[in-house]
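Chains, contacts and geometry: an overview
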Amino acid sequence: MGIKAEFNPDICLRDISEFHKGKRKLEECIPENIQAGKIYDFLKKGQRFFWLDGEVPLLETRGNEQLSRPKASIVFQEATHFKIENEIFTKGKYKVIEVFSGDDIQFEGLYRKGVWK
């Protein structure tokens, strides 16, 4: 028996329409009218580990690892693991650095294009 954990170089949330249909919680979705400089809550099923020391891409997922290009660049403010009825979740907050439009390349590997540590 081991510890089941997932390490994520990004955060993948659902389209807000999933919340409006009643299929997902608000924190599981990309906010409507997402804005740079604002802080938002997130919720993911499972024990997730995120990079807390720099910008990471926010992607839209349709499930089954079907991912969009980055929708925004974010910085995690906090991430906490907890249980609901014997199921593990990760919740926290992220700050939006920039919202992207179009399909331009915004990240190179784990680094934001043009922003190197």
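Now for a quick tour of the structure. (Residues numbered from 1 in each chain as written. Predicted model: local features only at pLDDT ≥ 70, side-chain atom pairs only at ≥ 80, totals over all residues. Heavy atoms only, no water.)

Describing the packing of aromatic side chains
The description of an aromatic ring pair uses the distance of the two centres, along with the angle that the planes make with each other. Under the criterion given, the structure shown has seven aromatic pairs. For the ring pair F42 and F50, a centre distance of 5.5 Å and an interplane angle of 85 degrees mean the geometry is edge-to-face. The side chain of K91 reaches across the aromatic face of F82, ending 4.9 Å from its centre. (Phe/Tyr/Trp six-rings, centres within 6.5 Å; stacked < 30°, edge-to-face > 60°. Lys NZ or Arg CZ within 6 Å of the ring centre and 35° of its normal.)

Focus on the pattern of salt bridges
A side chain with one charge can pair with a side chain of the opposite charge if their charged atoms come near. Within the structure shown, the criterion is met by eight salt bridges. Across the salt bridge formed by E55 and R112, the nearest N and O atoms sit 2.6 Å from each other. Separated by 57 residues along the polypeptide, E55 in the loop between strand 4 (48-50) and strand 5 (56-60) and R112 in strand 9 (residues 111-112) bring together distant segments of the chain. Looking at E55, the relative accessible area reads 19%, which means it is buried. Between R112 and E98 there is a salt bridge, with its nearest N and O atoms 2.1 Å apart. Remark: E98 occurs in strand 7 (residues 87-99) and R112 occurs in strand 9; sequence separation between them is 14 residues. The structure contains a network of salt bridges with shared partners spanning E55, E98 and R112. (Salt bridge = Lys/Arg side-chain N within 4 Å of Asp/Glu carboxyl O. Helix = DSSP H or I, 4+ residues; strand = E, 2+ residues; numbered from the N terminus. Buried < 20%, exposed > 50% of the residue type's maximum accessible area, 1.4 Å probe, protein only.)

Comments concerning the nonpolar core
Within the largest apolar cluster, 14 residues are counted, with the highest numbers of intra-cluster contacts made by I11, L58, I74, F76, Y94 and V96. Elements with a contribution of two residues or more to this core: strand 2 (11-13), strand 3 (39-45), strand 5, strand 6 (72-84) and strand 7. Setting aside residues up to four positions removed in sequence, V96 forms contacts with I34, Q35, A36, G37, K38, Y40, A72, S73 and I74. (Core = buried A, V, L, I, M, F, W, Y, C linked by side-chain atoms within 4.5 Å. Contact = heavy atoms within 4.5 Å.)

Quick notes on the sheet that holds strand 3
Taking strand neighbours across the sheet as the criterion, the five strands line up as 2-5-6-7-3 in an open arrangement whose pairing is mixed. Two strands lie at the open edges of the sheet, namely strand 2 and strand 3, each paired on one side alone. Averaged over neighbouring strand pairs, the angle between their axes works out to 35 degrees when direction is ignored. Judged from the three bridges that link them, strand 2 and strand 5 form a sheet pairing that is parallel. Looking at the pairing, L13 lines up with E60 of strand 5. (Pairing = 2+ DSSP bridges. Axes fitted to C-alpha atoms, helices over the stretch in contact; angles between N-to-C directions.)

Such coordinate-based values are descriptive only and should not be taken to indicate function.
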